[in-house]
Amino acid sequence: MTISELYKQVAQLGFEDSLEDEDRFFYAANRALLQVNKIRPAISYYLINHKPINNLVEEDTFTPVEKETELTFEATNAKSFYFEADGNGVVYIEKFNQDLNEWSIIGSVEFSSTKAFVAHKGFIKDGTEFVDGLVRLRFSGQYLYSVKNVALYEFLYSDKEDDIPALEAYTRYDLSKYVEDFLCFSIPPVLEGEKNCILNQDYEIEGNSTILIPRDKKGVYKILYERRPEKIEDEQGAVDSEKEIDLDEELSSLMPILVAGYVWCDDEPTKAEYYMNLYRERVADIESRTTSNKSVTIKSVNGW
């Protein structure tokens, strides 16, 4: 069904050739579009290549470490660092000189916060060049401070500090930032591979659009989501548009009666209620047929 066909049908349901208020038509059409789409949501997917960079720090720092004295973390050939600190102090970035058998400072970062962890990150360079060999982060402070999620990375995503990843037990992916038509998650994510396993654990959902995947569960994940249908645009001459409405044929057939119900809800409530009841009956019929067509497979715990 095109926008033009929808407009003409809505007008005819009001026994008119056109509508007085085209703006009302578009508001009603887009409201109806989302409602009709929920009957049988359009499903799309986004592939996440979950490949967190290995942390060269061997100690587990997901749990905060409190210190009044120095605290060090070493690694070989690290090119960047990340940590979160609460308190007041400084971290020295140092490299080991084998010839002199001593550490030398090549950079430092001061941290100052109260009762909240603040993230810090940067590249490990001596001047403008990355350092080969053993490097370390040396934390120091006169007062009690806490650090957590300390990471030293050998590999980089780019030459931008912003792309140095945070060290987290779970990596957060906000689907609304990756796909413009995201509405909500559909079925659980699928771990792609030979078996394409649907996950029943090893992930979490945060809010409406963010999925959390454990850092150590690398792989390609297919995230299925309900997509937002393309908006019926309110543009000059749009009521004559031959652009197709972003619904399948059966769902599109529901649009005229639902839009009519919205358009005339103020001016002719009796007529509007009639079309709303007709819409509900059609929806109930579609949902009952959809339910009856679903095949049900029962398998006992013994496998028979």
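Every residue gets a number counted from 1 within its own chain, in the order that chain's sequence is written. Note on the predicted model: pLDDT of at least 70 is required for a residue's local features to be given, and 80 or more for side-chain atom pairs to be given and counted; whole-chain, interface and lining totals, by contrast, use all residues. Heavy atoms throughout the structure, all of them, feed into the side-chain values; hydrogens and water do not.

Colleague: Can you tell me about the packing of helix α1 (residues 3-13) against helix α2 (residues 22-37), naming the residues and giving the values?
Modeller: All axes here are fitted lines through C-alpha atoms, helices being fitted over the stretch that makes contact, and every angle between N-to-C directions spans 0 to 180 degrees. Starting at the N terminus, helices and strands are each numbered in turn, a helix being any DSSP run of H or I of at least four residues and a strand any DSSP run of E of at least two. Interaxial distance between α1 and α2 falls to 12 Å at its minimum, and their mutual angle equals 110°. Relative to α2, α1 is oriented roughly perpendicular. For the crossing formed where α1 meets α2, the hand is right-handed. For the pair α1 and α2, contact is made by I3, L6, Y7 and V10 and by E22, F25 and A29, respectively. Throughout, the ten residues Ala, Val, Leu, Ile, Met, Phe, Trp, Tyr, Cys and Pro are labelled nonpolar, Asp, Glu, Lys and Arg are labelled charged, and all others, Gly among them, are labelled polar. Residues of the contact of α1 with α2, tallied by class, amount to 6 nonpolar, no polar and 1 charged. Angles are sorted into four bins: roughly parallel if under 35 degrees, roughly antiparallel if over 145, roughly perpendicular if 65 to 115, and oblique for all others. Handedness of a helix crossing follows the sense of rotation of the near helix relative to the far helix, less than a right angle counterclockwise being left-handed and clockwise being right-handed. In this analysis, two residues are considered to be in contact whenever any of their non-hydrogen atoms come within 4.5 Å of each other.

Colleague: Quick rundown of a negative patch on the surface? Include the residues and the values.
Modeller: Patch construction takes residues with relative accessible area above 30% that form no salt bridge. Like charges are linked within 9 Å, and nonpolar side chains (Val, Leu, Ile, Met, Phe, Trp, Tyr) are linked within 5 Å. Using a 1.4 Å probe, the Shrake-Rupley method yields the accessible areas, and only the shown protein chains count as cover for residues. Every case where a carboxyl oxygen of Asp or Glu lies within 4 Å of a side-chain nitrogen of Lys or Arg is listed as a salt bridge. Neither His nor the chain termini are counted; the positive set is Lys and Arg, and the negative set is Asp and Glu. Charge positions come from single atoms, namely NZ of Lys, CZ of Arg, CG of Asp or CD of Glu. Taken together, the side chains of E5, E16, D17, E20, D21, E22, D23, D240, E242 and E244 make up a negatively charged region of the molecular surface. One can find E244 in the loop between β18 (219-227) and α4 (249-252). Remark: exposure states derive from per-residue accessible area (1.4 Å probe, protein chains only) relative to the maximum for the residue type, with buried under 20%, exposed over 50%, and partly exposed in between. Residue E244 is classed as exposed on the basis of its relative accessible area, which comes to 51%.

Colleague: With reference to specific residues and values, describe the side chain of E84.
Modeller: As for its position among the elements, E84 is in strand β4 (residues 80-86). For E84, a relative accessible area of 11% corresponds to the buried category. In terms of polar contacts, E84 uses its side chain to reach the side chain of Y82, at 2.6 Å. Those residues in contact with E84, other than ones at most four positions away along the chain, are F117, V118, A119, S146, V147, K148, N149 and L167. Polar contacts here mean pairs of N or O atoms no more than 3.5 Å apart (in protein, one a potential hydrogen donor and the other a potential acceptor; neighbouring residues in sequence count only if both atoms are side-chain atoms).

Colleague: Account for the packing of α1 against helix α5 (residues 255-263), with residues named and values stated.
Modeller: Interaxial distance between α1 and α5 falls to 9 Å at its minimum, and their mutual angle equals 55°. One finds that α1 runs oblique with respect to α5. Note on packing geometry: the crossing formed by α1 with α5 is right-handed. Across from L6, Q9, V10 and L13 in α1, the residues of α5 making contact are M255, P256, I257, V259, A260 and V263.

Colleague: Can you tell me about the sheet that holds strand β2 (residues 65-67), naming the residues and giving the values?
Modeller: Two strands make a pair as long as DSSP finds a minimum of two bridges between them. Strand order across the open sheet formed by 4 strands is β2-β11-β4-β7, with antiparallel pairing between neighbours. A single partner strand is all that each edge strand has here, and the edge strands are β2 and β7 (118-123). On average, adjacent strands in this sheet sit at an angle of 30° to one another, irrespective of strand direction. Bridging between β4 and strand β11 (residues 145-153) involves 6 bridges; their strand directions are antiparallel. Bridging across to β11, F81 finds its partner in L152.

Colleague: Would you mind going over the nonpolar core in detail, with residue names and values included?
Modeller: L6, V10, F25, V36, I232, M255 and V259 are the most contacted members of the largest nonpolar core, which has 35 residues in total. Elements with a minimum of two residues in this core: α1, α2, α5 and α6 (269-293). Excluding anything up to four places from it in sequence, M255 contacts L6, A29, A32, L33, V36, I232 and L247. Within this scheme, the nonpolar core is defined by two criteria: the residues are buried Ala, Val, Leu, Ile, Met, Phe, Trp, Tyr or Cys, and they are joined through side-chain atoms within 4.5 Å.

Colleague: How would you explain the sheet that holds strand β5 (residues 88-97) if you had to name every residue and give the values?
Modeller: Ordered in space as β3-β10-β5-β6, the 4 strands form an open sheet in which the pairing is antiparallel. One side of each edge strand has no neighbouring strand; the edge strands of this open sheet are β3 (71-76) and β6 (102-112). Across this sheet, the average inter-strand angle for adjacent strands is 20°, counted without regard to direction. Pairing between β5 and β6: 10 bridges, direction antiparallel. Bridging from a neighbouring strand, V90 pairs with E110 of β6.

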